[in-house]
Amino acid sequence: MTLVPLCDKVSHSMLDHSTSMKSSHSKGKRKLRSVMGVAALRSGMITATTLAGLFSLPVYAQQPAPPTPVVVQPGAPGKPTRTLTPSTRATLPPGSPADVQFMQGMIMHHAQAVEMTALIESHTVNKNLRSLGARISSSQSDEIKFMKRWLEARGEPISPMMPEMPGMDMSSHSMLMPGMLTPKQMEALKKAKGEVFDHLFLTGMIQHHNGALIMVKDLFDTAGAGQDAELFNFATDVDSGQRAEIRIMQTMLEGKTLEEKR
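Since we're looking at a predicted model, the values are computed, not measured.

## Re the packing of helix 4 (residues 127–153) against helix 6 (residues 194–221)
- Where helix 4 meets helix 6, the closest approach of the two axes is 12 Å, and the angle between their N-to-C directions is 35°. Viewed along their axes, helix 4 and helix 6 form a crossing whose handedness is left-handed. Contact with helix 4, carried on its side by Leu 129, Leu 132, Ile 136 and Gln 140, involves Phe 197, Asp 198, Phe 201, Leu 202, Met 205 and His 209 of helix 6 and no other residues of that element.
- Of the residues that constitute the contact of helix 4 with helix 6, the class distribution is seven nonpolar, two polar and one charged.

See below:
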């Protein structure tokens, strides 16, 4: 009597197990198909990327070379323009003899100013004068280097050619630019100390700077001179810089005069 239910239980158990196996088998198939699908998709993407890279190579190789730049030189008024070859090198514009003379003369002019400032350290303890001297020495030393480079780039000598005069000892002759101190003034400055030195230095350097302003004016007053861009900028900087330093030195002299009156 008890065998029937037991058989039923065994039958149901086997049926459930079979159903479970079928379900698992079905899930396994679906998972396998999913994995295979992902792998195929990845493989397809890699292949597509590789093919795209391969097909793109000829495109780059087939791009045309960049066009050769065209250099055009504007013509003078009433004249046509001229096309130059890419190998054409730029040349400096023709300079004026006055430009060269200005640079050569200003090198000598600046050199004396630097010589004057070199005396400050051993001749005075005036802090303001020391600060001013350091400024003048630094700026004019740099400007001397610039002027030498400018002359060398144009194949010009650093020093002006001195005309030979019959009976003159050229080795002892020193050509003075406007405002430069005479040998007698330089000797007096070298011998002075303290406040006497301060006064001689300030009056002497004001004279010196005013001379530089005259040189700049003479340059621009000369027809055809001062047209070079580098020289024009340099000369205008010299003019403005020297004017500013003259005002500083005049103020220092006025301050000393007020102290002496007290």
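Now, onward.
## What to know about the layout of surface pockets
- Put simply, the largest pocket is a space of about 160 Å³.
- Forming the walls of the largest pocket are Ala 98, Gln 101, Phe 102, Gly 105, Met 177, Pro 178, Met 215, Asp 218, Leu 219 and Thr 222.
- For the lining of the largest pocket, the secondary-structure elements that each account for two or more residues are helix 2 (97–117) and helix 6.
- Residues that form the lining of the largest pocket fall into these classes: six nonpolar, three polar and one charged.

## Some thoughts on the nonpolar core
- Ranked by internal contacts, the top residues of the largest apolar core, which has 22 residues, are Phe 102, Met 103, Met 106, Met 147, Trp 150 and Phe 234.
- Elements that contribute at least two residues to this core include exactly helix 2, helix 4, helix 6 and helix 7 (229–261).
- By residue number, the principal contributor to this core is helix 2, which donates six residues.
- Apart from residues lying up to four places away in sequence, Phe 234 is in contact with Phe 102, Met 103, Met 106, Glu 143, Phe 146 and Met 147.
- With 21 residues, the next largest nonpolar core counts Met 116, Leu 119, Leu 129 and Leu 181 among its residues.

## Observations regarding the pattern of salt bridges
- Overall, the coordinates contain six salt bridges when judged by the stated rule.
- Residue Glu 115 pairs with Lys 190 through a salt bridge whose shortest N-O separation is 3.7 Å. Remark: Lys 190 occurs in helix 5 (residues 183–191) and Glu 115 occurs in helix 2; sequence separation between them is 75 residues.
- Glu 115 gets classed as partly exposed once you look at its relative accessible area, which sits at 38%.
- The closest approach of N and O atoms between Arg 135 and Glu 245, which form a salt bridge, is 3.3 Å. Taken as a pair, Arg 135 in helix 4 and Glu 245 in helix 7 lie far apart in primary sequence, 110 residues in all.
- Its relative accessible area of 5% is what places Glu 245 among the buried residues.

## Remarks on helix 2
- Taking 1.5 Å of rise per residue, 21 residues should cover 30 Å, and helix 2 covers 31 Å from first to last C-alpha, within 8% of that figure.
- With 15 of its 21 residues buried, helix 2 lies for the most part within the structure.

## With respect to the side chain of His 110
- Within the secondary structure, His 110 sits in helix 2.
- His 110 gets classed as buried once you look at its relative accessible area, which sits at 1%.
- Those residues in contact with His 110 that lie beyond four places of it in its chain are Gln 140, Glu 143, Ile 144 and Met 147.

## Description of the packing of helix 2 against helix 4
- Two numbers describe how helix 2 lies on helix 4: the axes approach to 9 Å, and their chain directions differ by 150°. Considered as vectors, helix 2 and helix 4 are oriented roughly antiparallel to each other. Here helix 2 and helix 4 pass one another in a crossing that is left-handed. Across the interface between the two elements, Asp 99, Val 100, Met 103, Gln 104, Met 106, Ile 107, His 110, Ala 111, Ala 113, Val 114 and Thr 117 of helix 2 pack against Gly 133, Ile 136, Ser 137, Gln 140, Ser 141, Glu 143, Ile 144, Phe 146, Met 147, Lys 148, Trp 150 and Leu 151 of helix 4.

## Notes on the packing of aromatic side chains
- For the coordinates displayed, the defined rule picks out four aromatic pairs.
- When the ring of Phe 220 is compared with that of Phe 232, the centres are 5.6 Å apart and the planes differ by 65°; the resulting orientation is edge-to-face. Highlighted residues: Phe 220 in helix 6 and Phe 232 in helix 7, separated in sequence by twelve residues.
- Taken together, the aromatic side chains of Phe 102, Phe 146 and Phe 234 make up a single cluster linked through ring pairs.

## Considering the confidence of the model for the chain
- Looking at the chain, pLDDT values average 78 and 60% of them are 70 or higher.
- Within the chain, helix 6 carries the highest mean pLDDT (98), whereas helix 1 (residues 3–61) carries the lowest (51).
- Confidence drops under a pLDDT of 50 for residues 1–7, and excluding neighbours within four residues, the segment shows zero contacts in the predicted structure.
- Segment residues 9–15: pLDDT under 50, and zero contacts once partners within four positions in sequence are set aside and those in other chains are kept.

Rules and cut-offs
Residues numbered from 1 in each chain as written. Predicted model: local features only at pLDDT ≥ 70, side-chain atom pairs only at ≥ 80, totals over all residues. Heavy atoms only, no water. Axes fitted to C-alpha atoms, helices over the stretch in contact; angles between N-to-C directions. Helix = DSSP H or I, 4+ residues; strand = E, 2+ residues; numbered from the N terminus. Left-handed = near helix turned anticlockwise from the far one by under 90°. Contact = heavy atoms within 4.5 Å. Nonpolar A, V, L, I, M, F, W, Y, C, P; charged D, E, K, R; others polar. 1 Å grid on protein atoms, 1.4 Å probe; cavity = no way out; pocket = protein on both sides within 12 Å on 5 of 7 lines; lining within 4 Å. Points joined across faces, edges and corners; volume = space filled by probe spheres on them. Core = buried A, V, L, I, M, F, W, Y, C linked by side-chain atoms within 4.5 Å. Buried < 20%, exposed > 50% of the residue type's maximum accessible area, 1.4 Å probe, protein only. Salt bridge = Lys/Arg side-chain N within 4 Å of Asp/Glu carboxyl O. Expected span 1.5 Å × (residues − 1). Parallel < 35°, antiparallel > 145°, perpendicular 65-115°, else oblique. Phe/Tyr/Trp six-rings, centres within 6.5 Å; stacked < 30°, edge-to-face > 60°. pLDDT = per-residue confidence, 0-100.

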